[in-house]
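Analysis of the macromolecular model
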Number of protein chains: 2
Amino acid sequence: MIRQSRNIDAVLASLLVAFVLLLLGLLRPALAQEPLPSWNDTSAKTRIMEFVQRSVTEGGEGYVAPVDRIAVFDNDGTLWSEQPYYFQLGFVLDRVQRLAPQHPEWKEKEPYKSVLANDLAGVARNGEKELVDLGMATHAGMTTDEFNKIVTDWFATARHPKTGKPFDEMTFLPMRELLEYLRANGFRTFIVSGGGIEFMRPITEKAYGIPPEQVIGSTIRTEFALVGNVPVLRRLPAIDFIDDGPGKPVGINQFIGRRPVFVAGNSDGDYEMLRWVTGGKQHGFAMIIHHTDGEREYAYDRNSAFGRLDKALNEAERRNWLVVDMKADWKKVYAFEN
Amino acid sequence: MIRQSRNIDAVLASLLVAFVLLLLGLLRPALAQEPLPSWNDTSAKTRIMEFVQRSVTEGGEGYVAPVDRIAVFDNDGTLWSEQPYYFQLGFVLDRVQRLAPQHPEWKEKEPYKSVLANDLAGVARNGEKELVDLGMATHAGMTTDEFNKIVTDWFATARHPKTGKPFDEMTFLPMRELLEYLRANGFRTFIVSGGGIEFMRPITEKAYGIPPEQVIGSTIRTEFALVGNVPVLRRLPAIDFIDDGPGKPVGINQFIGRRPVFVAGNSDGDYEMLRWVTGGKQHGFAMIIHHTDGEREYAYDRNSAFGRLDKALNEAERRNWLVVDMKADWKKVYAFEN
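Keep in mind that this is a model prediction, so the values were computed, not measured.

Here's the deal with the pattern of salt bridges
The final tally for this structure, using the stated rule, is 34 salt bridges over all chains. For the salt bridge of E205(A) with R258(B), the shortest nitrogen-to-oxygen distance reads 3.2 Å. Taken as a pair, E205(A) in helix 9 (residues 197-208) and R258(B) in the loop between helix 10 (247-255) and strand 5 (262-265) lie in two separate chains rather than in one. By relative accessible area, R258(B) is classed as buried at 16%.

In structure tokens:
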């Protein structure tokens, strides 16, 4: 009898342990590591977490129903660096070098002449027509599948001039943690960028956990064609849509069809998006990434050729937009830092 | 001792019952009601289910990774009826009646004159310029929020001329079950329609379980503006994009950025989309809804003004596209049928 009851005890104990383990498994997300580990314990982190907690607290003020938990992020300067130039400009410069043998006339023709001489100032002195021409020469005339491969290959081989890292590693670790934190709380995260949609899509899933269908950007005209018997989409030398400035709310409405409740940007090109997200019924949360760290990244705002931040910074305080100070608020900028 | 062991037995029994109940709870999806209950047991249902099962069987031929499980659906004639006209045309006709008091000049001006006389044939005799004018008059000149309300109100009050039902109840129950079945197997379901994106978005979540961000359609130009201090998007009298025919693969690539593996359409306006989805590496599954049931719905194909089906039907067999025969393959067309 004693032996029987010890066996029974063993069985009961096993079941109890199993039950407790099951419970712990279910509770694991709640016991998980504290979110936003690369953010310093400043008011920026507090404000973000308070917003998210209010959003998920049913019955509370500031509750956001799951269907409305949409967060939009600028890319250049918000999720990854944009100096010494937008990375897509780096792609353009490299592509001109690659295509140059097929275009001997480029040696004497702007803006190609300046590009081939690595003279960025010379490139910038060109007019809009020449710069659009440059964009078309490097982005059009192939199918969407071919362009996807060209971009993928470029990201695999190109290196950032300051860090020597692949461009898709130049992402901000604190912002990647923010994306994960939002998603862990039921938010759907989108990119809304002035950059080319097909320049970003090959790498956003791996870099940010954002799938192609949640990437919104500038677009080139494409057309369907049957080549032999194979359906293709040809990229045409014509701009379709510029997803920047006042174009960002247009793009948000077109692609998402709902007003987001969270927005992160870093420059005046995000101003209208910041106004759009905070101007709706649910008074969304807005943050601006202010580049204040010349050591770990780049320090710039009002005088920058890329990512100029002026008006949005002026209005941030009275509009209650959070201004993130990269130097003060982030423990780390890039994942590859020591 | 006997009483103690009876208590222990009771506890063990309870735990066992709890364990079994837990197991059953976990197994419930697998023991769930058979999918596609409104489909007859014909080869159409079999082919659909075999495709989905192959898609989710890891290691098997035809396995589709979850990220690639994208299904696209035409709307008019595929998910809901499109007779006696596209429902959006019904919206246009009603809106002209509603706006007419503000436009006394419409009494003598085409196409408004024909619309006000309920003369559809007269409307159709107009040229493209007049019809575009009609579209702009009924779809532009208000903000996106205002238009959302106009459309929502119309769906709430308008009634189908044959059935007397709200237009958003004229959806095909077997197709709604198909959407649910695909989603239960990890597919993301999108609408890709020639209809207006903002005409569909107010009702697609309730009608189909498809959120606004997964609705792709034709678009009007919009622009951001600050009215007083309130950000708005104005709908402009200019077409932005027509998501029909060869435009459908363009729209798919733009909005989704991945090639779908499942496509359902019903007319030649879906031909290029059918070719696009089946012409990729994963040789997607295509189905055409053939309107064969003049009693329960409408019978039409090659000679229809709306949803003309000719070329796609001719090529379906040799391209291995499933042709669904509404009369033979569906137990019920509408949910409200007896």
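Once you've had a look at it, read on.
Things to note about the relation of the copies chain A and chain B
Each copy of the sequence occupies a distinct position, and chain A is placed on chain B by a rotation of 180° and an axial shift of 0.0 Å, giving an RMSD of 0.1 Å. Both chain copies can therefore be described as sitting about a two-fold axis. Residue F255(A) of chain A places its C-alpha closer to the rotation axis than any other residue of that unit, at 3.3 Å. Mapped onto chain B, 100% of the interface residues of chain A again fall at the interface, so both copies present the same surface.

Some points on the side chain of R95(B)
Note that R95(B) resides in helix 3 (residues 87-99). Buried charge without a salt bridge: R95(B), with E146(B) as the nearest opposite-charge side chain at an N-O distance of 8.0 Å.

What to know about helix 3 (residues 87-99) of chain A
Residues and elements named next belong to chain A. Here helix 3 contains 13 residues, and its C-alpha end-to-end distance of 18 Å stays within 8% of the 18 Å for a straight helix at 1.5 Å per residue. The complete set of buried residues in helix 3 reads F87, Q88, G90, F91, V92, L93, R95, V96 and L99. Of the surrounding elements, those touching the buried residues of helix 3 are helix 4 (112-116), helix 5 (120-124), helix 6 (128-139), helix 7 (144-157), strand 2 (188-196) and helix 9.

A look at a nonpolar patch on the surface
A cluster of nonpolar residues, V132(A), I239(A) and I242(A), forms a patch on the protein surface that exposes about 240 Å² of accessible area. Its place among the elements puts I242(A) in the loop between strand 4 (230-241) and helix 10 (247-255).

Quick look at the packing of aromatic side chains
Within this structure, the stated rule accounts for 45 aromatic pairs over all chains. Centre to centre, the rings of F172(B) and Y334(B) are 6.1 Å apart; their planes meet at 40°, and the pair counts as tilted. Pair noted here: F172(B) is in the loop between helix 7 (144-157) and helix 8 (173-184) and Y334(B) is in the segment after helix 13 (326-329), with a separation of 162 residues, a long-range link. Like F172(B), the residue Y334(B) is buried in the burial classification. What links up through ring pairs into an aromatic cluster is the set W80(A), F87(A), F91(A), F147(A), W154(A), F155(A), F167(A) and F199(A). The positively charged end of R235(B) is found above the aromatic ring belonging to F147(B), 3.8 Å away from the centroid.

The rules behind the values
- Residues numbered from 1 in each chain as written.
- Chains lettered and ligands numbered in written order.
- Predicted model: local features only at pLDDT ≥ 70, side-chain atom pairs only at ≥ 80, totals over all residues.
- Heavy atoms only, no water.
- Salt bridge = Lys/Arg side-chain N within 4 Å of Asp/Glu carboxyl O.
- Helix = DSSP H or I, 4+ residues; strand = E, 2+ residues; numbered from the N terminus.
- Buried < 20%, exposed > 50% of the residue type's maximum accessible area, 1.4 Å probe, protein only.
- Least-squares fit on C-alpha atoms with pLDDT ≥ 70 in both.
- Contact = heavy atoms within 4.5 Å.
- Lys, Arg positive; Asp, Glu negative; His and termini not counted.
- Expected span 1.5 Å × (residues − 1).
- Patch = residues over 30% accessible without salt bridge, like charges linked within 9 Å, V, L, I, M, F, W, Y side chains within 5 Å.
- Areas by Shrake-Rupley, 256 points an atom, 1.4 Å probe, with all protein chains shown as cover.
- Phe/Tyr/Trp six-rings, centres within 6.5 Å; stacked < 30°, edge-to-face > 60°.
- Lys NZ or Arg CZ within 6 Å of the ring centre and 35° of its normal.

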